[in-house]
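# Secondary and tertiary structure notes
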Amino acid sequence: MEKQPRLLCSQLTVENRVCDVTLSSSFLLWKTAVGSSKKPFAANVYGPLKAVLVNNSFFIFFILAGNHCVPVCEIIAVQETEEDCPSTDVGKWHKVPQNPAGSNQHSFTVSYVERTLKHRWRCSEVTLHCTDGKLCLQWVQAIREQLALLTIRPKRLLVYINPYGGKQRGKRIYEQKVAPIFSRASISTDVIVTERANHARDHLKTEADLKKYDGVVCVGGDGMFSEIMHGLISRTQCDSGVDQNHSDEVLIPCGLRIGIIPAGSTDCICFATVGSNDPVTSALHIVVGDSQPLDVCSVHHNNTFLRYSVSLLGYGFYGDVLTDSERKRWMGPARYDVSGVKTFLSHHYYEGTISFLPASGNIGTPRDKIQCRSGCNVCQLPSTDKAVYKVEDSISDTGKANLIPKLQGIRKTKDVWQVIRGKFLAINAACMSCACPRSPKGLSPSAHLADGTADLILVRKCSRLDFLRHLLRHTNKADQFDHPFVEVYRVRQFRFTPRYQETDSELELREVEGSKRFFTQICREHQACSCTPPHSNWNCDGEILPHAAIQVRVHCQLIKLFARGIEEQSVFEDPSYALCAI
């Protein structure tokens, strides 16, 4: 790897140790100077081996004891340190420097990101002492100039706080853990504490002046994030003249990024995109200006827009759990466990027809065990979804000539829908892994955040024991799709029609006897009849949809989060390696 050009290099004092400190355009490095009599301090910034994403490139470096290396893009702030102020304490012992003439009267403090266990970040500080005030000012200015070049960092944010979500800790979490970090990074904020359901959504759709902000931050759970997402997407489509009720419309991506400060019950979306439900970690991802595209599903019923979804669309088991839990809100988060057990014991199945458009031409399958991680190659590929549904007018002639052959295979299968009819315990669609602390792998471990597809999981009618085995595999490392009654497909669109809403032509395709077809027709016309086939509700990111018959389409990279995906853990634990990236 080529060495980075040095911008500044000096010998400064860190924790009473003389260090060689070097600043390049990409890294800040300090290491114990050769010949220093002091014992080197142990390096604990990133561990022995780390891969850091800088300017869309991975830098892999080793750290030897006494060496510290921080990417410039992960420096939070730098400021001069006020020291040696006159003491107001009288009658107390004070340590006198052994060499007053050579003592360091000038210093500056660098705040930076430090990684800890389980994908958590924290804000650490290092104070560097100089003997010369001019040199100290030169270092502060040089670091600030490099930070100023990071234009992806937000300078002004619109923050919505849900004071009622989860354990009602949202306001306290923001004031005690997040606001100090934003202040240190010189980020100005406008804070709105929501007073009712959909307050944030309505404010974003109509009142908010989005042009003066660099991003929107929600402090709450998945429900709060859904409000922000719906408001921002709706505002973007309205400003662009796009009718959301048309399921075939190509939606315009949102210009503002969304930050999630987890303060809810599950925080599934934060966990699946960062790897942790830690508010400080999420705040630091916002400060450094990370950007993670995210696919969004639009859900329609008969050309009427219903909702957007980014995590789970569940019919059958997960729909019944949510429906029953809504009647037990007085129980708090425990209602999900009670409703889950009750729904499992009831063991209801539902008949219907599901048709879907397979994601032909997309590399990867739901069972390839390739997990979406930071810098994912699959998500960085050009979006074939956009290329198929947008005409090539926006592509140059040269680019069009290169792109058309690659899209021909996809175009041929654009209208080739697959149809499956049957009895299902659960029908799930996941745009992400849906991982959470209770299910570290999630519903679909190999689902990608931004590849323009969703994983459609069909669980056919089976015994309670078999279904229990399937559910338990969400909590261990076994393949949860390795059952004869489970099918999984990677799709771009799908439709579902419950049997009681099927048309006459669809019913005639079923192999039923004439008498059964006759009574089915009677039941369809008189739905109060006790033999009406049962139907479930759709669970759309924790909200119940009013219709069972829906059309779903995946919109590739419709929104962006202040995140970078889940980072890989360190490869080695042996600290006896030498640096260098500079």
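Residues numbered from 1 in each chain as written. Predicted model: local features only at pLDDT ≥ 70, side-chain atom pairs only at ≥ 80, totals over all residues. Heavy atoms only, no water.

### A closer look at a nonpolar patch on the surface
Just so we agree on the cut-off: Residues enter a patch when their relative accessible area is above 30% and they make no salt bridge; the linking distance is 9 Å between like charges and 5 Å between nonpolar side chains (Val, Leu, Ile, Met, Phe, Trp, Tyr). Under the convention used here, a 1.4 Å probe and the Shrake-Rupley method define accessible areas, while residue burial counts only the protein chains that appear. Salt bridges are counted wherever a side-chain nitrogen of Lys or Arg sits within 4 Å of a carboxyl oxygen of Asp or Glu. Helix and strand labels come from DSSP, where a helix needs a run of H or I of at least four residues and a strand needs a run of E of at least two; each type is numbered from the N terminus.
A cluster of nonpolar side chains, namely Leu465, Leu468 and Leu472, defines an oily patch on the protein surface of about 260 Å² accessible area. Residue placement: leucine 468 occurs in helix 12 (residues 464-472).

### Observations regarding the packing of helix 2 (residues 170-184) against helix 6 (residues 279-287)
Describing two packed helices takes the angle between their axes plus the distance from one axis to the other. Cut-off, in case you're wondering: A fitted line through C-alpha atoms represents every axis, and for helices the fit uses only the stretch in contact; the resulting angles, taken between N-to-C directions, go from 0 to 180 degrees. Oblique is the label for any angle not under 35 degrees, not over 145, and not in the 65 to 115 range, which are roughly parallel, roughly antiparallel and roughly perpendicular in turn. By definition, turning the near helix anticlockwise from the far helix through less than a right angle yields a left-handed crossing, and turning it clockwise yields a right-handed one. For this analysis, residues touch if any pair of their heavy atoms sits within 4.5 Å. Note on residue classes: Ala, Val, Leu, Ile, Met, Phe, Trp, Tyr, Cys and Pro are nonpolar, Asp, Glu, Lys and Arg are charged, and everything else, Gly too, is polar.
Helix 6 packs onto helix 2 with a crossing angle of 30° between their chain directions and a minimal axis gap of 9 Å. The orientation of helix 2 with respect to helix 6, classified from their angle, is roughly parallel. Judged by the twist between their axes, the crossing of helix 2 over helix 6 is right-handed. Contact residues: helix 2 offers Ile173, Lys177, Val178, Ile181 and Phe182, while helix 6 offers Pro279, Val280, Ala283, Leu284, Ile286 and Val287. Here the residues of the contact of helix 2 with helix 6 sort into 10 nonpolar, no polar and one charged.

### Describing the confidence of the model for the protein chain
We count it as follows: On a scale of 0 to 100, pLDDT captures the predictor's confidence in every residue.
Summarising the model, the protein chain shows a mean pLDDT of 82, and 76% of its residues fall at 70 or more. The least confident element of the protein chain is helix 11 (residues 397-412), whose mean pLDDT is 43; the most confident is strand 10 (residues 156-161), at 98. Ignoring residues within four places in sequence, the model shows residues 84-90, a span with pLDDT below 50, making four contacts including any to other chains. Here residues 571-582 is modelled with pLDDT under 50, and outside its nearest four sequence neighbours on either side it reaches 32 contacts, counting other chains as well.

### Comments concerning the environment of serine 111
The criterion, for reference: Exposed residues in this analysis have more than 50% of their type's maximum accessible area, buried residues have under 20%, and partly exposed residues fall in between, with area computed by a 1.4 Å probe over protein chains only.
Structurally, serine 111 is set in strand 8 (residues 106-115). Judged by relative accessible area, serine 111 falls into the buried class, the value being 4%. Look past the residues within four positions of serine 111 in its chain and what remains in contact with it is Ile75, Ile76, Ala77, Cys123, Ser124, Glu125 and Arg184.

### Focus on helix 7 (residues 317-326)
Burial of helix 7 is extensive: nine of the 10 residues sit out of reach of the surface. Within helix 7 the residues assigned to the buried category are Phe317, Tyr318, Gly319, Asp320, Val321, Leu322, Thr323, Asp324 and Ser325.

### Brief notes about helix 2
What counts, and what does not: Here the expected length of a helix is defined as 1.5 Å per residue gap, with one fewer gap than residues. For a residue, the bend is simply the angle between two axes, fitted respectively to the seven-residue segment ending there and the seven-residue segment starting there.
Along its 15 residues, helix 2 runs 20 Å from first to last C-alpha, staying within 8% of the 21 Å computed at 1.5 Å per residue. Of all the bends in helix 2, the greatest, near 45°, is centred on valine 178, and the proline proline 180 appears no more than four residues after it. The complete set of buried residues in helix 2 reads Gly170, Ile173, Tyr174, Val178, Ile181 and Phe182. Against strand 10, strand 11 (188-193), strand 12 (215-220), strand 13 (257-262) and helix 6 lie the buried residues of helix 2. One or two positions beyond helix 2, positive phi appears at serine 186, with a value near 60°.

### Overview of the packing of helix 7 against helix 8 (residues 334-346)
Running from amino to carboxyl end, helix 7 crosses helix 8 at an angle of 130°, the nearest separation of the two axes being 8 Å. For the element pair helix 7 / helix 8, the angle class is oblique. At the point where helix 7 passes helix 8, the crossing takes the right-handed sense. Of helix 8, the residues touching helix 7 (which contributes Phe317, Asp320, Val321, Asp324 and Ser325) are Arg335, Tyr336, Ser339, Gly340, Lys342, Thr343 and Phe344. Among the residues making up the contact of helix 7 with helix 8, the classes are represented as four nonpolar, four polar and four charged.

### So, a positive patch on the surface
Operational definition: The sign given to each residue is positive for Lys and Arg and negative for Asp and Glu; His and the chain ends receive no count. The location of each charge is read from NZ of Lys, CZ of Arg, CG of Asp or CD of Glu.
Among the surface-exposed residues, Lys167, Arg169, Arg172 and Lys177 lie close enough to one another that they form a single positively charged patch. In this structure, lysine 167 sits in the loop between strand 10 and helix 2.

### With respect to the pairing of strand 6 (residues 67-71)
Quick note on the threshold: DSSP bridges decide pairing: two strands pair if at least two such bridges lie between them.
The buried fraction of strand 6 amounts to five of the five residues, a majority that puts the element mostly inside the structure. In strand 6, alternate side chains face the same way, and those of Asn67, Cys69 and Pro71 on one face and His68 and Val70 on the other are all buried. Across five bridges, strand 3 (residues 27-32) lies against strand 6 in antiparallel orientation. Each residue of the ladder has a partner; that of tryptophan 30, found in strand 6, is histidine 68.

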